Amino acid sequence: MIHLIMDTFLRYLKEREQEQLVKILSFMFYIFRHDDLKEMLDSNKDSLKLEAMKRIVAMIARGKNTSDLFPAVVKNVACKNIEVKKLVYVYLVRYAEEQQDLALLSISTFQRGLKDPNQLIRASALRVLSSIRVTIIVPIMMLAIKEAASDMSPYVRKTAAHAIPKLHSLDPEQKDQLIEVIEKLLADKTTLVAGSVVMAFEEVCPDRIDLIHKNYRKLCNLLIDVEEWGQVVIINMLTRYARTQFLNPNINESLLEDSSEKAFYASDDEEDEDKKAEAAALVKRKPYVMDPDHRLLLRNTKPLLQSRNAAVVMAVAQLYFHLAPKAEVGIIAKALVRLMRSHSEVQYVVLQNVATMTIKRRGMFEPYLKSFYIRSTDPTQIKILKLEVLTNLANETNISTILREFQTYIKSMDKDFVAASIQAIGRCATNIGEVRDTCLNGLVQLLSNRDELVVAESVVVIKKLLQMQPEQHSDIIKHMAKLIDNIQVPMARASILWLIGEYCEHVPKIAPDVLRKMAKTFTNEEDIVKLQIINLAAKLYLTNSKQTKLLTQYVLNLAKYDQNYDIRDRARFIRQLIVPTDKSGALSKYAKKLFLALKPAPVLESPFKDRDHFQLGSLSHLLNAKAGGYQELPEWPESAPDPSVRNVEVKDSVCARRTVLTGPEGAGVLLLQTTRGILISLFRQMTHELLHHSHSEQSSGTEDRKRGRKAVKNQKSSSESESESESSESEDESEEESEEESESDTNIRKKKTIAPSGSIKMYELLHRITGEGLAVEYCFSRQPFSPDPNMVAVQIQFTNNTNSETKNLHIEEPRLQSGMRIREFAEIGLQPSESVTVVMGIDFCDSTQAANFQLCTHTRKFFVSIQPPVGELMTPVFLTENDFKKEQGKRMSAHPRFSTPSCSIRVTATANLSRVPCGSDKECRFAGKTVSSGCLVLVTVTTKEGGRAQLTVNCEKMVIGTMLVKDIMQALSQ
Amino acid sequence: MIHSLFLVNASGDIFLEKHWKSVVSRSVCDYFFEAVERATEPENVPPVIPTPHHCLINVLRQRVYFVAVIQSEVPPLFVIEFLHRVVDTFQDYFGVCTEAAVKDNVVVVYELLEEMLDNGFPLATESNILKELIKPPTILRTVVNTITGSTNVGEQLPTGQLSVVPWRRTGVKYTNNEAYFDVVEEIDAIIDKSGSTITAEIQGVIDACVKLTGMPDLTLSFMNPRLLDDVSFHPCVRFKRWEAERILSFVPPDGNFRLLSYHVSSQNLVAIPVYVKHNISFREGSSQGRFELTLGPKQTMGKAVESVLVSSQLPRGVLNANLSPSQGTYTFDPVTKLLSWDVGKINPQKLPSLKGSMSLQTGASKPDENPTINLQFKIQQLAVSGLKVNRLDMYGEKYKPFKGIKYMTKAGKFQVRT
């Protein structure tokens with residue numbers, strides 16, 4: 001119908017009007033179609049809604065405006081269908097900014113979502129809420145972010161970190177509050193959060209470097225497990241951090257470099273003084289010792305060179321380039337060369353950075369020279385970058401191979417590339433004196449090339465080379481003078497003219513002739529050529545005025561009426577200067593000096609020189625201009641700031657003095673695994689109380705305490721320097737706080753602990769007979785090992801069955817799996833038939849690998865090993881029933897098994913877990929977490945009819961989970 | 001970070017746009033179009049284009065430009081790598097990543113982009129997680145969806161994002177448990193006129209297709225791990241174990257993935273499996289040129305060289321080529337001057353050759369550039385570096401999987417200069 005009417009209409013209308021009508025009709029059709037969509041959105045059927053939303057999203061994707069549908073769409077924000085909901089979110093985020101009032105209608109839905117028990121729903125609600133760019137809801141967002149930042153789910157906390165920059169860009173005034181949230185999230189220990197919060201830090205407050213101090217070691221240690229995008233951000237941030245906190249590892253070398261450079265420029269008398277001053281400075285400077293934290297960063301980033309993500313590799317490479325001692329930078333070359341096989345865009349960026357690196361550290365890439373050879377199939381921009389790298393890498397030893405390679409490039413079909421190759425040859429010739437003549441000859445041969453571009457480029461390069469030693473090459477200059485008849489490229493013509501003018505004394509016969517020819521064609525030349533003709537005329541006038549006076553006058557007269565004002569000005573200026581008149585001032589006397597002064601030869605420099613003041617790998621480096629939000633890479637500090645700021649406060653070492661708690665209900669440690677915020681505040685409170693307590697108990701005040709703490713720190717730092725792997729130790733600030741009220745006492749380890757009660761199993765470490773009278777037994781005391789909460793406390797009982805005293809009992813040469821650590825007990829001695837108990841700590845890294853070491857007395861050494869049952873690798877955690885269920889929901893690896901009826905005592909005897917209060921008597925629940933990494937371990941035993949039971953273990957660490965199932969099964973079936 | 005993304009086709013139309021922060025007008029792409037115009041070839045468009053207020057970072061894949069708009073400092077490789085990851089994901093979902101495929105699946109594309117970035121920062125880029133969030137469209141599922149009205153979006157909440165092995169889906173089940181590994185090596189080489197090797201290196205990858213139930217823990221060991229001194233790993237590989245024992249130990253993602261890629265650099269000797277004898281010459285003053293090419297196997301360790309394809313860009317002066325191949329077919333495009341010869345398999349008894357003449361423009365002088373010859377070939381059952389897998393073991397699950405290893409050598413950027 002419509003078509004018929006339209007057709008009849010159109011037939012009667014003129015062409016112009018037709019167009020307009022079509023526009024109007026199509027617009028009406030457009031609105032009509034939207035009505036259609038509105039109807040679908042209002043319907044009750046999800047499938048219709050979905051169809052409508054799909055069409056709307058497709059329109060958004062094409063860039064069509066669909067904002068008039070806003071009310072109809074937003075109504076569906078609470079739709080049950082997940083896909084409809086998701087598409088509505090997409091729409092909402094796109095248009096909320098334009099329809100602020102209507103967008104507010106949807107907010108309550110998200111606020112409800114923020115309270116949902118499911119972490120994924122909480123996260124997605126926060127994600128959408130924070131993406132709605134409506135200023136009115138800033139307070140709501142702030143509140144939501146704050147709450148989410150202390151959510152127990154790391155995924156929600158990650159989302160909170162993502163929301164911070166969104167809010168900051170919406171309302172920068174919230175900065176201070178947001179920084180507080182960032183500070184809190186920076187202290188988070190999960191890898192999921194780390195990348196996102198550092199991103200937020202970089203966007204909101206990149207200058208607040210002080211927030212990083214306490215988290216520095218943790219970030220270094222977590223780095224390898226963070227997702228790849230987070231790694232890039234963290235590494236870039238840590239590079240900047242390290243530049244402010246550590247000393248330049250190349251400080252002594254750079255001083256030497258400086259002195260040699262200065263010597264080159266400085267005049268003789270200055271030089272001596274300089275040298276003396278520098279020598280003094282060198283003497284004064286202490287020998288450089290790398291901060292262990294600096295070393296930690298370098299060590300922990302190195303494996304990431306093996307990442308599959310080019311951005312991560314580049315980030316590590318720039319970190320090494322900016323921070324590592326010269327001798328260690330080399331390792332990045334191999335990885336960067338590997339990246340060159342990737343997509344051409346990656347290659348482009350990597351080559352830009354390699355080009356900058358090769359200027360400063362040429363030796364690093366020299367072994368990989370051949371990897372930069374050019375293929376005819378490379379895109380031109382890649383070819384030119386590779387050429388740049390090859391030129392930078394050229395030195396006396398490899399120049400012949402490089403030049404041979406360049407020769408093949410000159411024959412390429414890609415003319416831009418040929419031009420760049422010729423320039424590269426020129427640069428090699430200026431940098432390496434020995435090949436200058438060879439290069440020059442090669443270039444002169446190119447002058448007879450058929451391609452004009454090649455010839456022109458050669459002329460320009462030859463001009464630069466000749467400037468270095470013009471006397472020897474007058475024949476080349478003559479040859480070039482002949483070329484002026486044929487070459488049309490303006491730049492080349494200008495170069496030839498300049499050459500002839502500059503060295504007209506070497507070619508006294510040809511020069512005036514060239515000027516004659518040029519005077520003829522003057523009016524048809526390009527501007528740069530005209531300027532050079534004037535120059536040539538002036539120079540010839542000064543040296544050979546007899547022959548060229550008239551010619552010069554003629555050229556100057558032509559130039560006087562040129563269209564270009566530069567040329568007119570130049571002509572006027574030169575006339576005044578060289579032609580002596582009555583008016584001409586004092587300057588004309590010096591005309592010769594002005595024009596024919598000895599000019600220094602040009603230095604052919606890489607365009608990548610000095611680019612390294614930008615952080616490599618950054619956008620600013622690539623553009624060679626500061627991009628918005630670029631953070632300058634600071635210079636190394638003169639003297640290192642206090643390294644102790646990075647020390648994480650270690651709780652006073654609390655050692656076991658009290659009776660060992662046993663039995664299922666005797667949970668040694670109470671940990672409230674609720675939100676971090678609560679935990680922290682609770683923890684503060686507790687410390688406070690503790691302080692108070694000790695204050696009243698002992699006369700020694702807080703100062704004593706502090707001293708004690710310092711002592712611990714010192715002890716720590718010394719142990720750190722001993723073994724490299726130990727530096728990670730202090731990072732894990734004890735999250736759990738033991739109930740223990742006992743005071744710090746470093747000597748306490750010698751003191752006897754009360755022997756464990758019968759329910760704790762003793763294991764034999766050394767038999768009486770093999771130990772020649774010394775019997776050693778050990779047990780897992782299930783006490784928190786206070787000097788380091790990540791260690792399992794092992795209680796060792798020595799019994800001396802001999803008649804003589806055993807002296808100097810101590811541990812030696814622990815042979816451990818990587819990551820495992822031992823905290824030894826202090827040396828002890830045993831009187832005959834005395835028995836002493838000591839406690840040592842072992843970090844098993846949540847594995848059941850044995851810790852091997854030597855037990856030494858003053859006379860003998862015994863090889864012993866301690867292998868922990870899996871159940872001892874955990875510490876109890878107190879959870880409420882609800883928390884338990886929530887946590888259980890998050891952990892996926894469940895291991896359901898059937899077994900005989902359960903008994904809670906048997907479970908707690910097998911594994912160091914605490915019982916969770918539970919409503920149903922058919923179920924027993926236990927909770928704990930692994931000592932080393934703090935993974936929750938949840939065990940459920942459900943009694944079924946018929947004397948059967950089901951055992952479920954939930955743990956993120958699969959190995960632990962499976963082993964625990966096996967052990968508990970065994971215990972239960974006994 | 002990444003502000004917006006525009007997808008531009010070869011003819012310069014923007015066919016998809018997505019904004020993660022406030023909307024950036026598509027007129028920003030005008031700067032990009034200018035750059036495309038300036039570049040003679042599509043691959044010569046600079047990957048990073050500065051504009052007064054933004055910066056455009058683009059990648060070109062399958063004739064589609066992915067143009068990301070960024071506003072402030074961000075490592076360019078970060079964006080480039082992410083864009084490639086986006087393309088890989090699309091390929092994974094739709095089989096190809098062409099304009100048509102994107103247009104057909106525009107809603108899924110939009111949903112994917114929404115999940116992959118949050119406020120311009122990558123959120124979920126692991127294919128296993130994404131597949132849990134948004135099911136890839138298959139013909140069957142599309143039919144079912146239209147009938148039942150169900151959706152592509154996963155009903156269950158994705159738990160993968162929370163797991164410690166984010167690359168692996170949970171609850172994987174197969175009736176046939178199988179794990180296949182392909183060791184593919186590509187030889188990059190430049191051979192000079194006289195036939196000697198200027199540079200040769202090997203670029204190897206181990207691609208895996210793992211379909212195993214549950215949470216298997218695999219270890220893969222090599223006969224000669226010493227070869228692998230320059231490697232990059234999938235995040236699932238335990239780096240410490242590799243450092244200590246030179247054994248690959250990992251919980252694999254489900255489905256296809258690249259386990260590791262390695263590089264045997266030019267410092268090692270690389271066996272070149274093919275040689276090329278060539279005689280391409282032009283005589284001064286004559287309008288004819290001679291063209292002769294013979295291929296032959298060398299150092300192939302007894303394996304056949306297959307799927308051989310020779311291509312060469314002849315000088316611009318060449319008008320036509322009149323050649324006769326001893327086997328296979330050849331084509332010459334007089335516009336682009338591209339000669340390609342599909343050889344097939346090389347028979348060592350009867351070496352394939354391509355002989356004949358080229359006609360030049362009359363009166364034109366002899367071209368002074370020499371064409372380079374690009375070679376492609378495949379050799380089955382051979383890893384040219386000599387890498388060999390020793391054994392594959394599985395822990396953590398009870399069943400016995402079916403295991404398979406395949407080796408192949410290919411030509412990468414294999415070039416012969418004449």
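Here the structure is a predicted model, which means the values were calculated and not measured.

S.K.: Where do I start with the overall build of chain B in this structure?
M.R.: Regarding its fold elements, chain B presents seven helices and 23 strands. Over its C-alpha atoms, taken along the principal directions, chain B stretches across nearly 75 × 55 × 45 Å. The buried share of chain B, taken over its 418 residues, is 56%. Here the contacts in chain B between residues at least 6 apart in sequence split such that 68% fall between residues at least 24 apart. With an accessible surface of roughly 17700 Å², chain B has 50% of that area assigned to carbon and sulfur atoms. Charge-centre separation for chain B: the mean point of 43 positive side chains lies 8 Å from the mean point of 43 negative side chains.

S.K.: Can you help me understand the overall build of chain A in this one?
M.R.: The helix and strand tally for chain A stands at 39 helices and 15 strands. The burial tally for chain A puts 53% of its 974 residues in the buried class. Counting contacts in chain A only where the partners sit at least 6 residues apart, residues at least 24 apart contribute 68% of the total. Total accessible area computed for chain A in this model is approximately 45100 Å², and 52% of it derives from carbon and sulfur atoms.

S.K.: Would you explain helix α11 (residues 191–204) of chain A in this entry?
M.R.: Since the α-helix advances by 3.6 residues per turn, residues separated by three or four positions end up pointing in the same direction. In this model, α11(A) (14 residues) spans 21 Å end to end at C-alpha, consistent with the 20 Å of a helix rising 1.5 Å per residue. Every buried residue of α11(A) is accounted for by A:V193, A:A194, A:G195, A:S196, A:V197, A:V198, A:M199, A:A200, A:F201 and A:V204. Buried residues along α11(A) sit against α9 (154–170), α10 (175–186), α12 (216–222) and α13 (228–245) of chain A together with β7 (121–122) of chain B.

S.K.: Got a minute to help me understand unusual backbone geometry in this structure?
M.R.: All names here are of chain B. Its identity is not glycine, yet R246 carries a phi of approximately 60°, on the positive side. Checked against the element boundaries, R246 lands in the loop between α7 (239–245) and β12 (247–250). A positive phi angle, near 60°, is found at Q381, a position not held by glycine.

S.K.: I would appreciate a short explanation of the sheet that holds strand β14 (residues 274–282) of chain B in the present structure.
M.R.: What links the strands of a sheet is backbone hydrogen bonding, and the strands pair in either a parallel or an antiparallel sense. All names here are of chain B. What the four strands build is an open sheet, ordered β14-β15-β20-β17; its pairing is antiparallel. Unpaired on one side and paired on the other, β14 and β17 (318–325) mark the two borders of the sheet. Along the sheet, successive strands turn relative to each other by an average axial angle of 15°, direction set aside. Summarising the sheet, strand β15 (residues 288–297) and strand β20 (residues 353–360) pair through seven bridges and their orientation is antiparallel. Each bridged residue has a counterpart across the sheet, and for T294 the counterpart in β20 is S353.

S.K.: What is the right way to look at the interface of chain A and chain B in this model?
M.R.: Where interface size is quoted, it is often the accessible area lost as the parts come together. Counting from both sides, the interface comprises 92 residues of chain A and, opposite them, 99 residues of chain B. Taken over both partners, the interface formed by chain A and chain B buries close to 8600 Å², and the fraction arising from carbon and sulfur atoms is 58%. Per-residue buried area on chain A facing chain B is highest for A:W229, A:R341 and A:M413; these three make up 10% of the total on that side. Linking chain A to chain B there are eleven salt bridges.

S.K.: Would you mind showing me how to read the pairing of strand β14 (residues 936–943) of chain A here?
M.R.: Looking down a regular strand, the side chains alternate between one sheet face and the other. Residues and elements named next belong to chain A. Within β14, seven of the eight residues are buried, which leaves it mostly tucked inside the rest of the structure. The pairing of strand β13 (residues 923–930) with β14 spans seven bridges and is classified as antiparallel. By the bridge assignment for β14, A927 is matched with L938. Hairpin connection from β13 to β14: five residues lie between these consecutive antiparallel strands, with G934 at a positive phi of about 75°. As paired elements, β14 and strand β15 (residues 949–955) share seven bridges and run antiparallel to each other. Residue pairing across strands places T942 opposite Q950, the latter belonging to β15.

S.K.: Please explain the pattern of salt bridges as it appears in this structure.
M.R.: For side chains of opposite charge, pairing can occur when their charged atoms come near one another. With the rule as written, the count across this model stands at 50 salt bridges over all chains. Measuring nitrogen to oxygen at the nearest pair gives 3.4 Å for the salt bridge that ties A:R308 to A:E228. Of the two residues, A:R308 is situated in the loop between α16 (292–301) and α17 (310–323) and A:E228 in helix α13; the sequence distance between them amounts to 80 residues. We classify A:E228 as buried; its relative accessible area is 9%. Linking B:R246 and B:E243 is a salt bridge whose minimum nitrogen-to-oxygen distance equals 3.9 Å. You can call B:R246 partly exposed: its relative accessible area is 29%.

S.K.: Is there a simple way to think about the sheet that holds β12(B) in this case?
M.R.: All names here are of chain B. Pairing is antiparallel in the open sheet, where three strands are placed in the order β12-β10-β22. The sheet is open, and its two edges are formed by β12 and β22 (389–395), each paired on a single side. For this sheet the average axis-to-axis angle between neighbouring strands, irrespective of direction, equals 15°. In terms of strand pairing, strand β10 (residues 217–222) meets β12 through four bridges, oriented antiparallel. Following the sheet pairing, T219 is matched in β12 by S249.

S.K.: What exactly am I supposed to notice about the domain arrangement of chain A here?
M.R.: On domain assignment, one finds that chain A holds domain 1 (1–28), domain 2 (29–240), domain 3 (762–869) and domain 4 (872–972). Each of domain 2 of chain A and domain 3 of chain A has a C-alpha centre, and the two are 53 Å apart.

S.K.: Would you mind showing me how to read a nonpolar patch on the surface here?
M.R.: Residues and elements named next belong to chain A. Taken together, L587, Y590 and L594 make up a surface patch of nonpolar side chains, about 320 Å² in accessible area. Along the chain, the position of L594 falls in helix α33 (residues 591–595). Relative accessible area serves as the criterion here: at 47%, L594 is assigned to the partly exposed category.

S.K.: Even after reading the chapter, I still don't get the domain arrangement of chain B, so can you show me in this structure?
M.R.: Entries for chain B in the domain assignment read domain 1 (2–148), domain 2 (178–270 + 382–416) and domain 3 (274–380). The distance between the C-alpha centroids of domain 1 of chain B and domain 3 of chain B comes to 39 Å.

S.K.: Quick question: what am I supposed to make of the confidence of the model for chain B here?
M.R.: Parts of the model with low pLDDT should not have their predicted coordinates read in detail. The share of residues in chain B with pLDDT of 70 or more is 92%, and the mean pLDDT across the chain is 87. Looking at the elements of chain B, mean pLDDT is at its lowest for helix α6 (residues 139–148) of chain B, recorded as 63, and at its highest for strand β5 (residues 64–70) of chain B, recorded as 94.

S.K.: Could you clarify how one ought to interpret the confidence of the model for chain A in this entry?
M.R.: Residues and elements named next belong to chain A. When pLDDT is averaged along chain A, the result is 77; 78% of the residues meet or exceed 70. Element-level mean pLDDT values for chain A span from 40 in helix α35 (residues 676–697) up to 94 in α17. Here residues 893–902 is modelled with pLDDT under 50, and outside its nearest four sequence neighbours on either side it reaches 40 contacts, counting other chains as well.

S.K.: Which parts of the structure should I look at to understand the side chain of A:Q174?
M.R.: The residue A:Q174 is located in the loop between α9 and α10 in this model. Not counting residues up to four positions away in its chain, the partners in contact with A:Q174 are A:V138 and A:M142.

S.K.: I tried to follow the packing of helix α29 (residues 510–521) of chain A against helix α30 (residues 527–543) of chain A on my own but got confused; where do I start?
M.R.: In helix packing, the relevant descriptors are the interaxial angle and the interaxial distance, both defined with respect to the helix axes. Residue and element names in this part refer to chain A. At a minimum axis separation of 10 Å, α29 and α30 run at an interaxial angle of 140°. Classified by the angle their axes make, α29 and α30 are oblique. For α29 against α30, the interelement crossing comes out left-handed. In contact with A511, P512, V514, L515 and M518 of α29, α30 contributes V529, I533, L536, A537 and L540. In the contact of α29 with α30, the residues fall into ten nonpolar, no polar and no charged.

Reading the values: the criteria
Residues numbered from 1 in each chain as written. Chains lettered and ligands numbered in written order. Predicted model: local features only at pLDDT ≥ 70, side-chain atom pairs only at ≥ 80, totals over all residues. Heavy atoms only, no water. Helix = DSSP H or I, 4+ residues; strand = E, 2+ residues; numbered from the N terminus. Buried < 20%, exposed > 50% of the residue type's maximum accessible area, 1.4 Å probe, protein only. Contact = heavy atoms within 4.5 Å. Areas by Shrake-Rupley, 256 points an atom, 1.4 Å probe, with all protein chains shown as cover. Lys, Arg positive; Asp, Glu negative; His and termini not counted. Charge placed at Lys NZ, Arg CZ, Asp CG, Glu CD. Expected span 1.5 Å × (residues − 1). Pairing = 2+ DSSP bridges. Axes fitted to C-alpha atoms, helices over the stretch in contact; angles between N-to-C directions. Buried area = accessible area lost by both parts, 1.4 Å probe. Salt bridge = Lys/Arg side-chain N within 4 Å of Asp/Glu carboxyl O. Domains from an automatic or database assignment. Patch = residues over 30% accessible without salt bridge, like charges linked within 9 Å, V, L, I, M, F, W, Y side chains within 5 Å. pLDDT = per-residue confidence, 0-100. Parallel < 35°, antiparallel > 145°, perpendicular 65-115°, else oblique. Left-handed = near helix turned anticlockwise from the far one by under 90°. Nonpolar A, V, L, I, M, F, W, Y, C, P; charged D, E, K, R; others polar.

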